Amino acid sequence: MSGGSVSTTYLELSQDDGTAHKFYEVTVDALVVTVRYGRIGASGQTQVTAFPSADKARAAAAKKVGEKVRKGYAPAVPGQRAPRAVTRRQVTSAPSTARAVAPVLWRFGTGSAAFGIHVDDEHCWVGNQAGDVYTLGHDGQVLARFNLPDGVKCLVADDFWIYAGCDDGKVYDLSSKLPFAAYDIAADVDIFWLDIHEGVLDVSDRDGKLTVIDHEDEHQWSRRSQGDHAWMVRADDRAVYHGHQRGVTAYAPDGGGELWHTPTRGGVLFGWQEDDTVYAGTAHRVVQRLSKASGAIEATYACDSAVYACATSPGGRFVFAGDAASSVYCFDQDGTRLWKLGTGGGSALSMQYRDERLYLVTTDGSLVCVDASEAAISAAQQGTVPVARDVKLAEALPTYAPATTASAVTAVAQAPTGSIVVQCVQDSGRLRVHVVSEGYDSSWNVQFPRAIREPGARYVVDALHPAAGGFYRVRGDIRRLL
């Protein structure tokens, strides 16, 4: 600590195997203790606490520092250690050459370049490079905002659960009002894209590596594919499908080895999957449909510029693509182009189809809802489109930030009726979470935020769902039981 009325202790934890790369800084200024923490090289998050006396403030600071030192943190000098490698996707967007513009129903500007999109029965989700994730209704009404510590690479869903992969190396569970860091990816992984299947996280990165992490945030296996810049990863029960500059490679889910590799026409920039097929959008102006069973190319969908995004209607009846020239396409299953229309505002970087609507995230950071019904597209091709509604933020929009300590979680004196109690326990040197309430297998682990685990602490959750592999996943809010 430095001398004078203000003292600061700066610590870092950076392990050679890349499993940790973070800092922790404690500053005491009279009665106030400020804690700043996060990944090395980032501004991190800040917590400020006032104490009744300077002695109590110094004692609290010393306790915090001692806890971190016992966990392996050591004194360091800010700026001497290199920050985590983070690649921002560099894209260009030219004006559309289409004669007509798509029938846009509404458009919401997030204020920053955006790549993350997910649409389900109730909500539309969009995440941008400023770390903001917004949820909207299908009518375009903005319902809530999540403020995450770093840029959002992608949004992925796994049944009920929605996750945001961020540039800080963490994957945040957004399924309840208070987001939690569910996974912490090794510091030597420059994340490009993510997928989650049955609680298992698959990470593709800049070097063309695939890393697989289980529900307890523990490394399972990794493979390096033939090409780098791996923008595509999709997973199901039969394989993990990894798209990179040399094509698409399928690996056994248990890490048992490569199942097949198929070169594509150009490096893969985006991927989509249906039950029996995967779709790869490439830099050489095509989307290619591959058989999941064999990797054989079953169809090719030709665009007029590099394909940044692709998606399908259920079962692959229609195939959609967004290119680098601000156009959006629709093809039939066999590859016949049905239409090409301008987006009216930038190139689509991610997309998803749902209930005759095509949702796009464009290069200007907007979430765009396109009426993809046959009648609306036919009218648009003749030059008749609706007046797109520009969605505005509500003045009092609920905003949620991640919980990083147990004290940040709402506390209750007793478990509400119908809720479930879980407890943090030591198990083979690791702090696990098991179910206390009756009717559940107490030997199963609960997928639970690592940042709020404390030995012996009990929490109340709304619901637990069993997952393949023998563990429970939390559904709904988490509260600390006093």
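Data block above holds the structure.
Residues numbered from 1 in each chain as written. Predicted model: local features only at pLDDT ≥ 70, side-chain atom pairs only at ≥ 80, totals over all residues. Heavy atoms only, no water.

A.B. asks: Describe in detail the sheet that holds strand S4 (residues 45-50), supporting the description with residues and values.
C.D. replies: Strand order in the open sheet formed by five strands is S4-S3-S2-S1-S5, and the pairing between neighbours is antiparallel. Both edges of this open sheet fall to S4 and strand S5 (74-75), since each of them pairs with a single strand only. Pairing analysis gives two bridges linking strand S1 (residues 6-14) to S5, with the strands arranged antiparallel. Its bridge partner being in S5, glutamate 12 is matched across the sheet by alanine 74. Contacts from helix H1 (residues 54-70) reach S1, strand S2 (21-29) and strand S3 (32-39) within the one sheet, and its direction differs from that of S2 by about 165°. (Pairing = 2+ DSSP bridges. Helix = DSSP H or I, 4+ residues; strand = E, 2+ residues; numbered from the N terminus. Contact = heavy atoms within 4.5 Å. Axes fitted to C-alpha atoms, helices over the stretch in contact; angles between N-to-C directions.)

A.B. asks: Can you lay out the pattern of salt bridges for me, pointing to particular residues and giving the numbers?
C.D. replies: Going through the model one piece at a time under the given rule, you end up with 19 salt bridges. For arginine 145, the salt bridge identified is with aspartate 132, shortest N-O distance 2.9 Å. Separated by 13 residues along the polypeptide, arginine 145 in strand S10 (residues 142-147) and aspartate 132 in strand S9 (residues 132-136) bring together distant segments of the chain. With a relative accessible area of 7%, aspartate 132 lands in the buried category. Linked through salt bridges whose partners overlap, the residues forming this network are Glu216, Glu218, Arg430, Arg432, Arg450 and Arg453. (Salt bridge = Lys/Arg side-chain N within 4 Å of Asp/Glu carboxyl O. Buried < 20%, exposed > 50% of the residue type's maximum accessible area, 1.4 Å probe, protein only.)

A.B. asks: Please provide a residue-by-residue account of the pairing of strand S19 (residues 232-235), values included.
C.D. replies: Every regular strand shows the same layout, with side chains that alternate between the two sheet faces. Residue alternation in S19 divides its side chains into two sets, Met232 and Arg234 and Val233 and Ala235, and both sets are buried. Two elements, S19 and strand S20 (residues 240-244), share four bridges in a ladder whose sense is antiparallel. Across the sheet, the residue bridging to valine 233 is histidine 242, located in S20. Once S19 ends, the chain turns through four residues before running back antiparallel as S20.

A.B. asks: Before we move on, can you summarise H1 with the specific residues and values?
C.D. replies: With 17 residues, H1 ought to run about 24 Å at 1.5 Å a step, and its terminal C-alpha atoms sit 24 Å apart, in line with that. Within the sequence span of H1, burial applies to Ala57, Ala60, Ala61, Val65, Gly66 and Lys68. Where H1 is buried, its residues meet S1, S2 and S3. Where H1 terminates, the next one or two residues include glycine 72, which has phi positive at roughly 110°. (Expected span 1.5 Å × (residues − 1).)

These values are about where atoms sit, not about what they do.
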